[in-house]
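Here is how the chains run, residue by residue.
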Amino acid sequence: MTARVLTGITTTGTPHLGNYVGAIRPAIAASREAGVESYFFLADYHALIKCDDPDRIERSRLEIAATWLAAGLDTERVTFYRQSDVPEITELNWLLTCVTAKGQMNRAHAYKAAVDANGVNAEDPDAGITMGLYCYPILMAADILLFNAHRVPVGRDQVQHIEMARDVAQRFNHTFGKGRELFVLPQAEIEESVATLPGLDGRKMSKSYDNTVPLFDGGPKALKDAIARIVTDSCLPGEPKDPESAHLVTIHDAFADAATRAAFHADLRAGLGWGEAKQRVVKLIEDHVGPMRERYAQLVAHPEQIEAVLQAGAAKARAVATPFLTELRQAVGLRAMVAVPQAKVAKVQAVKADVPVFKQYRESDGQFYFKLTAADGTLLLQSQAFAEGREAGAWVKRFKAEGAVVLGEAPVNLAEGVARDMAEAALTALQAHEAEQEASKAAKG
Ligand code: TRP
């Protein structure tokens, strides 16, 4: 069975070297594995929660899309789309909102952290907190559940959200599934083997620490300048250095093959100066990143190409999402109102034994008759007299087989106050009932 792997990239900021090593590169590598179907998307609705500057939103979407494409994402293989191009996500968001407990959202880390920060600043607990932030995990659940993802690679801080998505999925399945698993229960996947890249100062590389090395921004010069600022110890050239304790080495190793790593480590132990070591790191990273930067620049110069790729991705995503959402709407009772066809009405009446009946009888004058009465006993048709019982029987038989068309020829009169179409409807219903009886007899026999 193919495993569906899905992850979202919140489109805020510009990717740096840490994002590349920690998220982009491993995700692209994983998408090339056999037996994996990957969905990667730009979580631009999530970005709106954090940012209300339209120009920054626009810019970041472009840069992040271009980065993933330049880094080698194969959009033939992977479904790569923008969250905001798939309206089924926001529709599902509402269906899920209606089965999500408010108390559960109260416990979401991001919301709780914001409340705590307000407490520290002696503010109203909910100051500055939007419903977007509060309901963030539900939108994320919709992202995941719409595509029935099995595995969701995320950072540690997102694990609670995946657990919430499982919970919501379970509740929805239980409430609306009628014993069927409408949603797959997703599993968080934390890639332990992928090292988090240290930044200039040795702490995790992060925009919030202002210690990042740009991935493409500013070209080779910006890369070189940033690496020059990486903090090292004060050992001089010629003095032996400990590669294990230098984060410059960690950054180097993230881009080096085994032989290059070993050589670098050995040279540092043998006294390679930090200045020269940094030049090697610049060269190593530039060799890796340079060709991608060129592709990136081309893409950013042609946003319409990125747009086309994303539109194609959205079409691919919606080919899955649209039919599934139709099914989910059905499940919750948002269904089309359809006219019940007439034949079906007659059939339903017949099945309910709501059928008119023919009666044959002999009167005191010695003649034979038949009559048709509605299920409620109302007399509808009355025959003329027949000398022979067989004659009456033959007409009844024809009425049952052929229905209302026989009315024109049969020696019968409409009962008083009965309209012709009422008698016709009764005969049609009776005919349908007879046909049904025949069919079920044939099926049993
Ligand atoms: N919230 C995630 C983050 O900030 C991004 C995201 C949005 C996501 N929707 C998702 C990740 C669905 C995985 C699955 O990292």
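Residues numbered from 1 in each chain as written. Predicted model: local features only at pLDDT ≥ 70, side-chain atom pairs only at ≥ 80, totals over all residues. Heavy atoms only, no water.

1. A closer look at the nonpolar core
A general tendency of soluble globular proteins is for nonpolar side chains to be buried together. By size, the foremost hydrophobic cluster in this structure holds 53 residues, and its most contacted members are Leu17, Trp68, Phe255 and Ile285. When contributions to this core are tallied by element, the ones reaching two or more residues are helix 1 (17-31), strand 2 (36-43), helix 3 (54-70), helix 10 (219-228), helix 11 (247-253), helix 12 (258-269), helix 13 (274-301) and helix 14 (303-332). Counting contributing residues per domain, this core is built from domain 1 (3-191 + 302-332) and domain 2 (207-295), each supplying no fewer than three. Non-local contacts of Trp68, meaning those with residues more than four positions away in its chain, are made with Ile9, Ala23, Ile24, Ala27, Ile28, Phe40, Leu73 and Phe80. (Core = buried A, V, L, I, M, F, W, Y, C linked by side-chain atoms within 4.5 Å. Buried < 20%, exposed > 50% of the residue type's maximum accessible area, 1.4 Å probe, protein only. Helix = DSSP H or I, 4+ residues; strand = E, 2+ residues; numbered from the N terminus. Domains from an automatic or database assignment. Contact = heavy atoms within 4.5 Å.)

2. A few points about the packing of aromatic side chains
All told, the structure shown has 15 aromatic pairs when counted by the stated rule. With a centroid separation of 5.4 Å and 20° between ring planes, the pair formed by Phe41 and Tyr81 is classed as stacked. Here Phe41 is found in strand 2, whereas its partner Tyr81 is found in strand 3 (residues 79-82), with 40 residues between them in sequence. As far as the burial class goes, Phe41 and Tyr81 line up, both buried. Within the aromatic cluster, the residues linked to one another by ring pairs are Tyr39, Phe41, Tyr81 and Phe147. One Lys or Arg, Arg25, reaches over the ring of Phe255 and ends 5.4 Å from the middle of that ring. Sitting over the ring of Tyr209, Arg203 keeps its end group 4.2 Å from the ring centre. (Phe/Tyr/Trp six-rings, centres within 6.5 Å; stacked < 30°, edge-to-face > 60°. Lys NZ or Arg CZ within 6 Å of the ring centre and 35° of its normal.)

3. What about empty space enclosed by the protein?
It is a probe the size of a water molecule, rolled over the atoms, that shows where empty space is left. Under the defined criterion, the tally for this structure stands at one cavity of 30 Å³ or more. Each pocket or cavity is described by its volume, and for the largest cavity that value is around 40 Å³. Surrounding the largest cavity, Thr14, Pro15, Thr67, Leu215, Phe216, Asp217 and Tyr296 form its lining. Across the lining of the largest cavity, the residue classes break down as four nonpolar, two polar and one charged. (1 Å grid on protein atoms, 1.4 Å probe; cavity = no way out; pocket = protein on both sides within 12 Å on 5 of 7 lines; lining within 4 Å. Points joined across faces, edges and corners; volume = space filled by probe spheres on them. Nonpolar A, V, L, I, M, F, W, Y, C, P; charged D, E, K, R; others polar.)

4. Here we look at the sheet that holds strand 6 (residues 357-362)
Here four strands make up an open sheet; going across it, the order is 6-7-8-9 and the pairing antiparallel. Both edges of this open sheet fall to strand 6 and strand 9 (412-414), since each of them pairs with a single strand only. Taking the axes of each pair of neighbouring strands and ignoring which way they run, one obtains an average angle of 25° across the sheet. As paired elements, strand 8 (residues 379-383) and strand 9 share three bridges and run antiparallel to each other. Bridged to Leu381 within strand 9 is Leu414. Its contacts with the sheet put helix 17 (residues 420-444) on strand 6, strand 7 (368-373), strand 8 and strand 9, and the angle it makes with strand 8 is roughly 90°. (Pairing = 2+ DSSP bridges. Axes fitted to C-alpha atoms, helices over the stretch in contact; angles between N-to-C directions.)

5. A few points about the side chain of Lys241
Within the secondary structure layout, Lys241 lies in the loop between helix 10 and helix 11. For the buried Lys241, no salt bridge is present, and the opposite-charge side chain at shortest range is Asp233, 6.6 Å distant. At 2.9 Å, the side chain of Lys241 and the backbone oxygen of Leu272 are in polar contact. With near-sequence residues (within four places) excluded, Lys241 lies in contact with Cys235, Leu236, Leu268, Arg269, Gly271, Leu272, Gly273 and Trp274. (Lys, Arg positive; Asp, Glu negative; His and termini not counted. Salt bridge = Lys/Arg side-chain N within 4 Å of Asp/Glu carboxyl O. Polar contact = N/O pair within 3.5 Å; in protein donor to acceptor, adjacent residues only side chain to side chain.)

6. Considering the packing of helix 1 against helix 13
Angle between the axes and distance between the axes are the two parameters that describe a pair of packed helices. Their axes nearest at 13 Å, the elements helix 1 and helix 13 cross at an angle of 75°. The angle between helix 1 and helix 13 places the two elements in the roughly perpendicular class. Mapping the contact onto sequence places Leu17, Tyr20 and Arg25 in helix 1 and Ile285, His288, Val289 and Met292 in helix 13. A class-by-class count of the residues in the contact of helix 1 with helix 13 yields five nonpolar, one polar and one charged. (Parallel < 35°, antiparallel > 145°, perpendicular 65-115°, else oblique.)

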